[in-house]
Amino acid sequence: MATGSRPIELRAFPFGNRILSSTGALSLADIPKSLVVIGGGYIGVELGQMYAKFGSKVTILEGGPQILPGFEADLVAPVLKQMKTEGITIITEAAAAKAEQGVNDITLYYAKNGEQQSITAEYALVTVGRTPNTDGSLGLDRIGLQTTARGLIDTDTQCRTAIPHIFAIGDIISGPALAHKASYEAKVAAEVIAGAASALDYKAMPLVVFSDPELASVGLSETECKAKEIPVVVGKSSFGINGRALALKAAEGFVKVIADSESGVLLGAQIVGAEASTLISELALAIEMGANVEDLAMTIHPHPTLGEVIMEAAENAVKKNEEITKNQIQRENRTMKAKSSLYFIIAILLVAGGTLLAVKGTDAVSKAENRKQAILETEQKNVIYDKNPGEIVKVHAAIGDFVKQGDLLFEVKAAEGGETDVLAPTEGWLVKSQ
């Protein structure tokens, strides 16, 4: 089953006459002088920019805080900049309410900041999404195949429906309504039907907006990684320093790569700029094969090409990752030094109290290597061997004697005379006086 989808029709804005669907917007005989677009998603932006370039005065009403919801603000910014140069008016957080159609125009009423406002244009274009073609004469109810509240058909990872011999793909199952997604699902379904071992994996599914400049994304975004608490390193590079982009007069935009900060494995990538729809395939391949940012950075890209921006973004991610690792090592070293200083201060305080025996660990032994050898080779000094480090043993020790417990050797640094208890230290110092 691959019956596709159709534009969503709003009750207050039924398609016909001056109210257009995305399909109807591609069938106009003349270029409208003015157009108001309800919905600032990818379809509204693509068609809105198209008509603006044809000379129409375009206004976009978006119910959310920004157009192109789902894309991070820094990616949308270059598109917004271009739309403004094209004379497109964007009104966000606007709720379209009703329309009044005239002979040659249409007046649209909407709410903004609690106030009722209106706008008049030659046509109104409704682009608020698509709905699956699973209703009507398809007859799913006659075979007992249920749909969700949105009209979608539930499938497993092999595109199999609740009826095992019926498979479904494309816009009628969950996920974005993308032609390349449907084609991929069709391959998987065909392989499963043919008896092959196959299953869906959307890890590297690209999403493209054919705006100006183009937008493309694959894998996880920086925002998604933060939500999942995945530590990442981000590398960016601008088209503004790319020779090919400058020659094309398309210097706006950048490439962003997101990688795991520990392994460097590429988790996601976003592009806004010239030919983003083409460039994203390289990054999709990198994610699919489990490449890391160093693989991308070490791949030689021909010059002058737009693909060099990907290489440079990866190089920046590698540099950032190296800096993060360097900082971590420095922090760990500072922590170790702080601990060593603390142990030393404790030892000094213990000796100053005159009641404890400070026992120096293996560092002291290395500083007195010659003396230690002399002691081990003779039995003139009091050396205690014990197979259970950590236990208290009683010895007659004097300053300069060595005490060996297990594999550890400790030099007596202070004693209070007579019989002394020595406890093998766990971290370098130890001490206890009788």
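You'll find the structure just up there.
About the cut-offs
- Residues numbered from 1 in each chain as written.
- Predicted model: local features only at pLDDT ≥ 70, side-chain atom pairs only at ≥ 80, totals over all residues.
- Heavy atoms only, no water.
- Buried < 20%, exposed > 50% of the residue type's maximum accessible area, 1.4 Å probe, protein only.
- Helix = DSSP H or I, 4+ residues; strand = E, 2+ residues; numbered from the N terminus.
- Pairing = 2+ DSSP bridges.
- Salt bridge = Lys/Arg side-chain N within 4 Å of Asp/Glu carboxyl O.
- Core = buried A, V, L, I, M, F, W, Y, C linked by side-chain atoms within 4.5 Å.
- Contact = heavy atoms within 4.5 Å.
- Phe/Tyr/Trp six-rings, centres within 6.5 Å; stacked < 30°, edge-to-face > 60°.

(A) The arrangement of the pairing of strand β12 (residues 214-219) in detail. Of all six residues making up β12, five are buried, and the element is well covered by its neighbours. Relative to β12, strand β11 (residues 207-209) runs antiparallel, the two sharing three bridges. Its bridge partner lying in β12, V208 is registered against A216. Here β11 folds back onto β12, and the loop between the two strands holds four residues. Bridge count for β12 against strand β15 (residues 266-273) is six bridges, and the pairing is antiparallel. Bridge pairing in β15 places S217 opposite Q270.

(B) Main features of the pattern of salt bridges. Under the counting rule described, the total for this entry stands at 11 salt bridges. With a closest N to O distance of 2.8 Å, D135 and R6 form a salt bridge. Of this pair, D135 sits in the loop between β10 (130-132) and α4 (140-143) while R6 is found in strand β1 (residues 5-7), placing the two residues 129 residues apart along the sequence. Residue D135 is classed as partly exposed on the basis of its relative accessible area, which comes to 43%. Linking E86 and K53 is a salt bridge whose minimum nitrogen-to-oxygen distance equals 2.7 Å.

(C) Molecular detail of the nonpolar core. With 33 residues, the main nonpolar core has V255, V257 and L283 as its most contacted residues. Listing elements by their share of this core, those giving two or more residues are β12, β14 (254-260), β15, α8 (276-288), α9 (293-298) and α10 (308-353). Considering every element that reaches this core, the biggest residue donor is α8, with seven residues. Not counting residues up to four positions away in its chain, the partners in contact with V257 are V233, V234, G235, L266, G268, A269, L283, V293, A313, A314 and A317. In this structure, L20, Y51, I67 and V272 belong to the second largest nonpolar core, which totals 25 residues.

(D) Focus on the packing of aromatic side chains. Across all of its chains, the model carries two aromatic pairs by this definition. Taken together, a centroid distance of 6.0 Å and an interplanar angle of 85° make the contact between Y51 and F54 edge-to-face. Of this pair, Y51 and F54 both sit in helix α2 (residues 42-54), three residues apart, which is roughly one turn of the helix. Classification of Y51 by relative accessible area gives buried; the value is 4%. When the ring of Y184 is compared with that of Y202, the centres are 6.2 Å apart and the planes differ by 65°; the resulting orientation is edge-to-face. Taken together, the positions of Y184 in helix α5 (residues 179-193) and Y202 in the loop between α5 and β11 put the pair 18 residues apart, joining distant regions of the chain. Assessed through its relative accessible area of 25%, Y184 is described here as partly exposed.

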